[in-house]
Amino acid sequence: MKIMTPQNTDGQTTETSERRISVGISSCLLGDNVRFNGGHSHSSYCTKTLSQYFQFEKFCPEVAAGFSTPRPTLRLIGDPNAPKMVYTKDSDTDVTETFVEGYREHLTTLDHLDGYIVMKNSPSCGMERIKIYQENGHPHMQRTAGLFTQALMDKYPLLPVEEDGRLNDPALRENFILRVFAHHEFRHQVATSDNFHDLLQFHSRYKYLVMAHSQSAYKNIGRLLSNAKKQPLHTLKEIYFAELMQAFKQPASRKNHCNVLMHLLGYLKRSVSGGIRQDIESVIHQYRRGEVTLITPVTLLRHYLNQYGSEYVKSQRYFEPYPAALGIRSNL
Ligand code: SF4
């Protein structure tokens, strides 16, 4: 399956890659019978929908550590800042070192990934809210990530990571998928380039998407690029990428979307009649009030900008940050 990216300068959708995007995943989410009870946690959204765009690379850290399937359940105990892994029914047997050894090597091989989907509630794979038990058997108030996922996030802090359960929430799903596609595009079109112009072009496409997520990041990045000569290109790219991914972690609010849509409407000032602009503006207000979903004003604006907009505005990734066929903006 080819990855489809937003429009080119003719307003046509283009193919920029023959590959699907590489995304790591907990093996049990693909239906592998690797869970402690010998079962799986198959995610049909991953295998039926996302698999059209993502090339999943599965990994089960408990199996990699040599634990049997089925196996006794595991839990985290001790210091919330440095939890240990033990068997739930045998907390004297510390299996932390065995577990860590099982993924240590694998963890060093993941810098080609653009995202990772992990299984919720697992002391190995969960991304958050994992209990850490005290000696008295009660959990600490403080929760954590599973040991493997924490190590993954520590080693690759900009990598988009999400839990399967949270992908059922339209806003969280949108945010994760947007970050995966942005991560992929930056790595392939900017990270490997020695040309400052590629970074500028990338930012030129992503400008309004950044604005939708964070006004402060929008300003910071603008300042960063206007002082570009103050640091070597590779440092500049690292700072830029960190700012970008941090900004995208913050879901775009309805208010920010409206702000961006009004800015984009401004590009039609000289080319369409006041009546048409008023119609578009009233659809933006409908979206602001929650009467229509985001896809409605975006589609309407894009229709007119494809005919009358400049190449700059037509190239904005804001219009299609991920394949439209995913239908994500119909639920926002
Ligand atoms: S949650 Fe992680 S450790 Fe548990 S079965 Fe799934 S992949 Fe393996």
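Thresholds, definitions, all that
- Residue numbers restart at each chain and count upward from 1, following the sequence in its written direction.
- The model is predicted, so local features are restricted to residues of pLDDT at least 70 and side-chain atom pairs to those at 80 or more, both for listing and for counting; the totals for chains, interfaces and linings are taken over all residues.
- Heavy atoms from the whole structure form the basis of all side-chain values; hydrogens and water molecules are not counted.
- At least two bridges found by DSSP between two strands is the condition for calling them paired.
- Under the scheme used here, helices are H or I runs from DSSP no shorter than 4 residues and strands are E runs no shorter than 2 residues, and both carry numbers assigned from the N terminus.
- Here a residue counts as near a molecule or strand whenever at least one of its heavy atoms sits within 4 Å of it.
- Each residue gets one label: Ala, Val, Leu, Ile, Met, Phe, Trp, Tyr, Cys and Pro are nonpolar, Asp, Glu, Lys and Arg are charged, and the others, such as Gly, are polar.
- Each residue is placed in one exposure class: buried if its accessible area under a 1.4 Å probe, protein chains only, is under 20% of its type's maximum, exposed if it is over 50%, and partly exposed if it falls in between.

Asker: When you look at the sheet that holds strand β5 (residues 74–77) in this model, what are you seeing that I'm missing?
Answerer: Within a sheet, neighbouring strands are paired by backbone hydrogen bonds and run either parallel or antiparallel to one another. Read across the open sheet, the four strands follow the order β7-β6-β5-β9; overall the sheet is mixed. Two strands close off the open sheet at either side, each with one partner strand: β7 (90–94) and β9 (132–133). Relative to β7, strand β6 (residues 84–87) is paired through two bridges, and the arrangement is antiparallel. Paired with Tyr-87 across the two strands is Asp-90, which belongs to β7.

Asker: Whenever I open this one, the site of the ligand confuses me. Can you help?
Answerer: Close to the ligand lie 14 residues, the nearest being Cys-28, Cys-60, Glu-62, Met-119 and Cys-125. Considering only residue class, the shell around the ligand consists of seven nonpolar, four polar and three charged.

Asker: Even after reading the chapter, I still don't get the pairing of strand β8 (residues 115–118), so can you show me in this structure?
Answerer: Consecutive side chains of a regular strand alternate in pointing toward one face of the sheet and then the other. Both faces of β8 are covered, namely the face carrying Gly-115 and Ile-117 and the face carrying Tyr-116 and Val-118. Relative to β8, strand β3 (residues 21–26) runs parallel, the two sharing three bridges. Within β8, the residue paired with Val-23 across the bridge is Gly-115. Inspection of the sheet shows β8 paired to strand β10 (residues 161–163) by three bridges, in the parallel sense. Along β10, the bridge assignment pairs Val-118 with Glu-163.

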